[in-house]
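Fold and geometry: a report
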Amino acid sequence: MIPCNQELALQDKSDLKLVRNICILAHVDHGKTTLADHLIASYGGGVLHPKQAGKLRFMDYLDEEQRRAITMKSSSIGLHYGEHSINLIDSPGHMDFCSEVSTAARLSDGALVLVDAVEGVHIQTHAVLRQAWIEKLTPCLVLNKVDRLICELRLSPMEAYTRLLRIIHEVNGIVSAYKSEKYLSDVDSLLSVPSSDGVGEENYELVEDDEEDTFQPQKGNVVFACAFDGWGFGISNFAEFYASKLGASPATLQKALWGPRYFNAKTKMIVGKKGISNAAKARPMFVQFILEPLWQVYQTTLEGHVDRVMLDKVVKSFNLSIPSRELQNKDPKAVLQSVMTRWLPLSDAILSMVVKCIPNPAAAQSYRVSRLLPKRDILENDDNSDVLNEAELVRSSVEACDSSPDAPCVVFVSKMFAVPVKMLPRGEIQNNFSDDGDSGECFLAFARIFSGVIFAGQRLFVLSALYDPLKVELKHKHIQEAQLQSLYLMMGQGLTPVVSAKAGNIVAIRGLGQHILKSATLSSTINCWPFSSMVFQVAPTLKVAIEPSDPADMGALNKGLRLLNRADPFVEVTVSARGEHVLAAAGEVHLERCVKDLKERFAKVSLEVSPPLVSYKETIEGEMANPLENLKLFSGSEYVEKRTPNGRCVIRVHVMKLPTPLSKLLDESSELLRDILGGKSKQALKNLETSRGSIVEDENPTEALTRRMMNAVESDFFSGITDMGRDWVEKSSMLWKQLFKRIWALGPGQVGPNILFTPSAEKIIEGSVLIKGNPIISDKLGFLDLTENDNPSTESSSIGDETLLREAESLESSVLSGFQLATSAGPLCDEPMWGLAFFIEAHVFPVETQSNEESSSTHKPEQYGIFTGQVMNAVKEACRAAVLQRKPRLVEALYFCELNTPTEYLGSMYAVLSRRRARVIKEEMQEGSSLFTVHAYVPVSESFGFADELRKWTSGASSALLVFSHWETLSEDPFFVPKTEEEIEEFGDGSSVLQNTARKLIDAVRRRKGLPVEEKVVQHATKQRTLARKV
C-alpha cells in the first residue's frame, strides 16, 4: 500500500493531462477481472504478485464473489503507468448487477469493452455499449481469449482472422445503430426548425459524419489479448517491429496490417487485393506477420511437449530476453506464458491504448457536460439573475474541469457502499462516530470530483436530483449540509487516506452516510444544478416479502433494511398494503446476495423469505385493430350500468382495448408523463429526457411523445390489417385524433397505460345532467388547439337548475377517483389493469325526479344528499363489471432468455424450456464451435430456479441469462366453459375440465392476497367415506 504522504506528493504533482478514468465493461465471464489482475500486478504499486494475476481475482474481494466466481459490485483502484495516473473501475457483467455498470460508467471518461473471441457478442455486450453511448464514454475494444481459437477450436490463422473481423464488424454495427438513431433524430429536428443563421449552424454541427467505424485496429483502439496467459497486442506493436525489416514507416505499416492488404515478397511492396497474382493463396498482412508467428509459438506447446528449435527461432527473431531456467521448465504452459508475457505484455498494450485513445478529464468533461449538466434555457428576471449567473459559472467550471483551489467544488456520488469498520485504515476505527457505528458497517461515498479541490473536514451542500436553485420555497426539502470526515483513494479492498484531492480524480468519501440514500451531487454553493440522474438498463422485477423468524427482531430487520437500501444502488425496499416488508431485486442472484447481506451484515437476525411475489396485469380480449368496429360498441347498448344507493346517479361504462403499441408506449413513458402532468417547464422536461437517454438534445419531449402516440396507433393499423384501403386508414387516423382530444385521465397512479375519455354529450337520460369531465391530459399533451381548450357550453342539459349543474361539476373528482381505484385493482385478482380505454357516462338526477318506490324506502334520500363516496364506488364497480363482461384476460411479464448449449444437451435444454412454458424465438449454431445459441421468452412466474434446473439437467454445460423483456396477454380464458359441440365432445359438460394456466395463476394470486377462491375443499368424496356401515 502506498503511504499517505507519498500519495499526497503524487497528487500535488499530477497534471490533469496525465490522468485517465476508465471502466471495464463486458458480458459475464468474458475476462474483466482477470484483465484487471494483470494491470494491477504490473502497475498497481506491488499489491499483487504477477504470478497470482488471473488466479487471485484481486478486485473480487467479497466471499460471495469468490464463491460464485462472478463480480457483484464495481470497485476502483489507482494505477501508475509511467507519468500517467489511471483510475481503473472493474464492473460486473451479470445482468442482475447492471446498476453497478451505470455507477461505474458515470464516473469514467472511457471504457474498455471486452468481447470473448469464441463466444462473440452477447446480450450484455449490447447493454454495456448502450450504457457507454448514453454516458458519452470513449470506448476501446479488447478481443479477449484469442488463445481459445488456437487451443479449443483449432482454427487456422486465416479462419481466426475471419472470425475476429466478423466480431469487430458486429460491434461496430451496434455502435453505428446508436449513432444513426441520433443522426436521424438530429435531421428530423433540423428539418422541423425554421431556417435561421444561428440555429442552422448549431444544428448542422450536431449531424455527425457516420461513415467511419468506431473500432478500427489501425486506429489503435482495438487490442487482441489473452488475459489468462497475460499477453496482448495492438497493431502498433508489430508495426514498430516490422518497420525496419520491411523498410516501411510505422505509420504506413499500421494502416496496412489490418484489412485486405498483402505483402508482395518479390517487389517488397504492400498491395491491395487487385495487385496480387494468386488471390486464393494470398494471406493478408495481419495473418502473415502477426497471427502466423503467434500460432507457431502455441504450436510448440500444444502437443504436450516443447519444440525447442521452433521456440528458439521465435525468441531470436523477435529479440526476446528470457531466462534460460524459464525456458527449461518442464511445464509447457509455463514456458508458453514466459515467452508470451515478455514478447507481448498485456498491461503495456492495454494501458498504452488507454493513454493514447481515451481523453483526459478536462477534454472528456468538455463534451460530457451536456449529458451531466444539460444547459437550461430559462428566462431571466431580476430576482434570479444572480442565481443563474453563479449556476452557469459552476457549469463552466465542470466543463473545463477546473482544478484550481478557487474553483467551485462539484462532486457526484454515484453510489454508497458499506465497508466493515475493521477494514478502515489504522487510526480511523476509533474515530467512527457515525450513527451506524454499532452495526459494524461504515458507509462510504463512491464519488468523482468534477471541479475544484476537496479536503477532509470541508463542509459541502448535498443536492438531491429534485433540487432546483430557483425554487426558494422547496430548497430546504432537497438540500442538506454535510462535513466530509475523511477522503480515501480506493485500492480494491484497501483504502489509502488522503488530505485533499483535485478535480478529475475518483475518491471514497466518509461522513455522508446519513445524508445520501443512493446518489447525489455535492457542491460548495447552493446555486448549482444537480447532475442528471443515471440510466439503469432494467428495473427491479423480482419481489419477495421478508419477516424475522422471531417477531421480537422486527426492529433489527427495519434497521437492516434501511442499511441495505443505502448500500445497494438498485434494491428497492417498500411496505405493501398488507404491511409486509417487500424487497425488490433485479434477479435471483441479486436477491440471494441481498438476503445474505441482511442476515450476516446489516440485520444479523434469522429471516423468513416468502416465495417470489409475481406481478400480473389485467386486460380484455380483443386484438381488434379496427377502431371503427369498436365505435359500434360505444354507440350501441353494450355498456354496464350501475346506480348509487340513493338512486340519484346512474353510471354507464363502455370499455375497449387500446392498441398494444400505444399501451406499451404509455407504460414506458410513465416518468415523462408524470413530469408533464406535474407542470414542469419544457426546458426542464427536455433536460430530464435527454439525461434518461430517451430523446436527443434538440427535441421537445411533449411533442415527441404526442408524435409517438400517433405513430403507435398508426403502426397498429398497418400491422393488424393489410387488406383495408387508404380511406379506411385515414378514417381510423381521424377517429384516433378526435379521441386523443378527449383524454380526461390516465390510470392507475395518474400515469398508467389506461385511458379515461370524456363522454360524448349525444345521449343524455331525460331529466338528468351529464358529468362531462374535462380533457385535462389532452390539453397538457398539446392535442387541443387554443380554440378547443374551452369546454362546450353546458346547455345540453334539459334542466336549467344551476345547483344541479354545480353539483355535477363537483362530482368530477369522484368519477376520476373511481376510475383510478378500478384500474389499480382489476376484477380477476386485484392486479392493475393494462391497455384499456373507458368511457364513463355519469348522469345526475335532482331529488324531485325520483320515483315513488325509491322515495318510500326506509332511508330518505334527503338524508344522503349525493355522497361522493357512493359515486366513486359505483364508478369502480361499473368499470370492473364492464371488464368482466368483455372477456377478461391475464397479462404476464416475460423474460428474454439467452442460452448457450452444446449440441449433445439440446434435448435436455428444450425439455426444461417446455416445462417452464417458454417460447423459443431463435436458434442458431455458433460459427466455428459446437455451441448452440437459443433465444426464448420465459414467463417471470416460471423463472425461479430455472438456472439451477438447467444446470442440473445439462450437467452444468448450459448457461442462461435472463433480462426483463415485455408484458404479454395470456390467450386462455380463465372462465372457460365448453359450449360448442366440439368443445363438449373434447371436455365433456365442463364439470371435469382441468383448470387452465390462467385460472391457476389467478387463484394463486387470490390466495396470497386473502381473496375468496372458488375451489372444491373435498376433491374425492368417495375415497373419504368409511367402508364400515354401522346401522
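All of these numbers come straight from a predicted model, not from anything done at the bench. (Residues numbered from 1 in each chain as written. Predicted model: local features only at pLDDT ≥ 70, side-chain atom pairs only at ≥ 80, totals over all residues. Heavy atoms only, no water.)

On a plain count of helices and strands, the protein chain comes out with 37 helices and 34 strands. Within the protein chain, residue pairs in contact and separated by at least 24 positions form 75% of the contacts whose partners lie at least 6 positions apart. Carbon and sulfur atoms form 51% of the exposed surface of the protein chain, whose accessible area is close to 47,000 Å². (Helix = DSSP H or I, 4+ residues; strand = E, 2+ residues; numbered from the N terminus. Contact = heavy atoms within 4.5 Å. Areas by Shrake-Rupley, 256 points an atom, 1.4 Å probe, with all protein chains shown as cover.)

This paragraph deals with the side chain of Asn360. Note on placement: Asn360 falls in the loop between helix H15 (346–357) and helix H16 (361–372). At 2.9 Å, the side chain of Asn360 forms a polar contact with the backbone nitrogen of Ala363. Apart from the residues lying within four places of it in its own chain, the contact partners of Asn360 are Leu16, Lys17, Val19, Arg20 and Asp109. (Polar contact = N/O pair within 3.5 Å; in protein donor to acceptor, adjacent residues only side chain to side chain.)

Along the chain, Ser778 falls in helix H27 (residues 776–781). Side-chain polar atoms of Ser778 contact the backbone nitrogen of Ile743, separated by 2.8 Å. Beyond its immediate sequence surroundings of up to four residues, Ser778 is in contact with Phe740, Lys741, Arg742, Ile743, Phe783 and Leu784.

Running from N to C, helix H29 (residues 812–824) and helix H32 (residues 868–885) point in directions that differ by 40 degrees, and their axes come no closer than 8 Å. In terms of axis orientation, H29 runs oblique to H32. As H29 runs across H32, the sense of the crossing is right-handed. Where H29 approaches H32, its residues Ser814, Val815, Ser817, Gly818, Phe819, Leu821 and Ala822 are matched on the opposing element by Thr868, Val871, Met872, Val875, Lys876, Cys879 and Arg880. (Axes fitted to C-alpha atoms, helices over the stretch in contact; angles between N-to-C directions. Parallel < 35°, antiparallel > 145°, perpendicular 65-115°, else oblique. Left-handed = near helix turned anticlockwise from the far one by under 90°.)

To continue, consider the sheet that holds strand S23 (residues 607–609). Spatially, the four strands line up as an open sheet ordered S21-S22-S20-S23, and their pairing is antiparallel. Where the open sheet ends on each side, the last strands, each with one partner, are strand S21 (572–575) and S23. Strand-to-strand twist of the sheet, defined as the mean angle between neighbouring strand axes without regard to direction, takes the value 30 degrees. As defined by bridge partners, strand S20 (residues 542–548) adjoins S23 across three bridges and the pair is classed as antiparallel. Bridged to Ile546 within S23 is Val609. Strands in contact with helix H19 (residues 554–567) are S20, S21, strand S22 (581–585) and S23; relative to S22, the strand with the most contacts, it is inclined by about 25 degrees. (Pairing = 2+ DSSP bridges.)

Below, the discussion takes up the pairing of strand S2 (residues 75–81). With six of seven residues buried, S2 is to be regarded as a mostly interior element. When S2 meets strand S3 (residues 84–90), the two strands line up antiparallel, connected through seven bridges. The partner of His80 across the bridge, within S3, is Ser85. Counting the residues that bridge the hairpin from S2 to S3 gives two residues, and of these Gly82 lies at a positive phi of roughly 65 degrees. (Buried < 20%, exposed > 50% of the residue type's maximum accessible area, 1.4 Å probe, protein only.)

Right, let's talk about the nonpolar core for a bit. Counting residues in hydrophobic clusters, the biggest one holds 63 residues, and the most contacted among them are Phe224 and Phe286. Considering each element in turn, this core owes the most residues, ten residues, to helix H11 (residues 285–302). For Phe224, the contacting residues outside a window of four places in its chain are Leu143, Val146, Leu164, Ile168, Pro217, Trp231, Gly232, Phe233, Trp258 and Phe286. Listed in part, the 46 residues of the second largest apolar core include Leu16, Ile454, Leu563 and Ala567. (Core = buried A, V, L, I, M, F, W, Y, C linked by side-chain atoms within 4.5 Å.)

As a further point, take the pairing of strand S13 (residues 459–463). Pairing of S13 with strand S14 (residues 479–483) involves five bridges; the strand directions are antiparallel. Counted as the bridge partner of Val462 is Gln480 from S14. Relative to strand S19 (residues 520–523), S13 runs antiparallel, the two being bridged by three bridges. Residue pairing for S19: Phe461 is matched across the bridge by Ser523.

Here the focus is the environment of Gly749. Position of Gly749 relative to the elements: it lies in the loop between strand S27 (743–747) and strand S28 (754–757). For the pair Gly749 and Arg674, spaced 75 residues apart in sequence, the C-alpha to C-alpha distance is 9.4 Å. Setting aside residues up to four positions removed in sequence, Gly749 forms contacts with Arg674 and Gln820.

Another point: the confidence of the model for the protein chain. The pLDDT averaged across the protein chain works out to 82; a share of 83% of its residues lies at or above 70. Low pLDDT, under 50, characterises residues 849–862; the predicted model gives this stretch six contacts beyond four residues in sequence or across chains. (pLDDT = per-residue confidence, 0-100.)

To continue, consider the pattern of salt bridges. Under the definition given, this model contains 41 salt bridges. Between Glu592 and Arg68 there is a salt bridge, and its shortest N-O distance comes to 2.2 Å. Within this pair, whereas Glu592 is found in helix H20 (residues 588–602), its partner Arg68 is found in helix H3 (residues 63–68), the two being separated by 524 residues in sequence. The salt bridge involving Arg917 is made with Glu942; its shortest N-O contact spans 3.3 Å. On the criterion of sequence distance, the pair formed by Arg917 in the loop between helix H33 (906–915) and strand S32 (919–925) and Glu942 in the loop between strand S33 (931–939) and helix H34 (946–953) is long-range, its members being 25 residues apart. Relative accessible area serves as the criterion here: at 26%, Arg917 is assigned to the partly exposed category. Counted as one network, the salt bridges with shared partners bring together Glu64, Arg67, Arg68, Glu592, Lys596 and Glu600. (Salt bridge = Lys/Arg side-chain N within 4 Å of Asp/Glu carboxyl O.)

A few words on H19. A rise of 1.5 Å per residue sets the reference length of H19, with its 14 residues, at 20 Å; its end C-alpha atoms lie 20 Å apart and thus fit the reference within 8%. All of the buried residues along H19 are Leu557, Gly560, Leu561, Leu563, Leu564, Asn565, Arg566 and Ala567. (Expected span 1.5 Å × (residues − 1).)

Right, let's get into the packing of H11 against helix H14 (residues 332–343). Where H11 meets H14, the axes come as close as 9 Å, and the angle between the chain directions of the two elements is 160 degrees. The orientation of H11 with respect to H14, classified from their angle, is roughly antiparallel. You can see that H11 and H14 cross each other, and the crossing is right-handed. In this structure, H11 contributes Pro293, Leu294, Val297, Tyr298 and Thr301 to the contact, and H14 contributes Pro332, Leu336, Val339, Met340 and Trp343.

That bond from Gly747 to Pro748 is cis: its omega, -5 degrees, falls within 30 degrees of zero. With respect to the helices and strands, Pro748 occurs in the loop between S27 and S28. Here Cys401, not a glycine, exhibits a phi torsion of approximately 50 degrees, which is positive. Mapping Cys401 onto the fold places it in the loop between helix H17 (385–400) and strand S10 (410–420).

Let's shift gears to the packing of aromatic side chains. This model, assessed by the stated rule, comprises 28 aromatic pairs. Centroid distance Trp231 to Phe233: 6.3 Å. Interplanar angle 5 degrees. Geometry classified as stacked. With relative accessibility at 0%, the residue Trp231 sits in the buried group. Their ring planes at 25 degrees and their centres at 5.0 Å tell us that Phe757 and Phe839 sit as a pair that is stacked. Of the two residues, Phe757 sits in strand S28 while Phe839 sits in strand S30 (residues 836–844), which places them 82 residues apart along the sequence. (Phe/Tyr/Trp six-rings, centres within 6.5 Å; stacked < 30°, edge-to-face > 60°.)

Below, the discussion takes up a negative patch on the surface. On the surface, a cluster of negative charge is made up of Glu981, Glu982, Glu985 and Glu986. Mapped onto the fold, Glu981 is located in helix H35 (residues 981–987). (Patch = residues over 30% accessible without salt bridge, like charges linked within 9 Å, V, L, I, M, F, W, Y side chains within 5 Å. Lys, Arg positive; Asp, Glu negative; His and termini not counted. Charge placed at Lys NZ, Arg CZ, Asp CG, Glu CD.)

Before going further, it helps to spend a moment on the environment of Gln493. Residue position: Gln493 is located in the loop between strand S15 (486–491) and strand S16 (494–498). A residue is classified by how much of its surface remains accessible, and Gln493, at 36% relative accessible area, is partly exposed. Distance from Gln493 to Leu62, taken between C-alpha atoms, is 8.9 Å for residues 431 residues apart in sequence. The residues contacting Gln493, other than those within four sequence positions of it, are Tyr61 and Met423.

Attention now goes to the environment of Lys145. As for its placement among the helices and strands, Lys145 is situated in the loop between strand S5 (138–144) and helix H6 (147–151). Linking Lys145 and Ala227, residues 82 residues apart in sequence, is a C-alpha distance of 6.7 Å. Those residues in contact with Lys145 that lie beyond four places of it in its chain are Asp29, His30, Gly31, Asp116, Ala117, Val118, Ala225 and Cys226.

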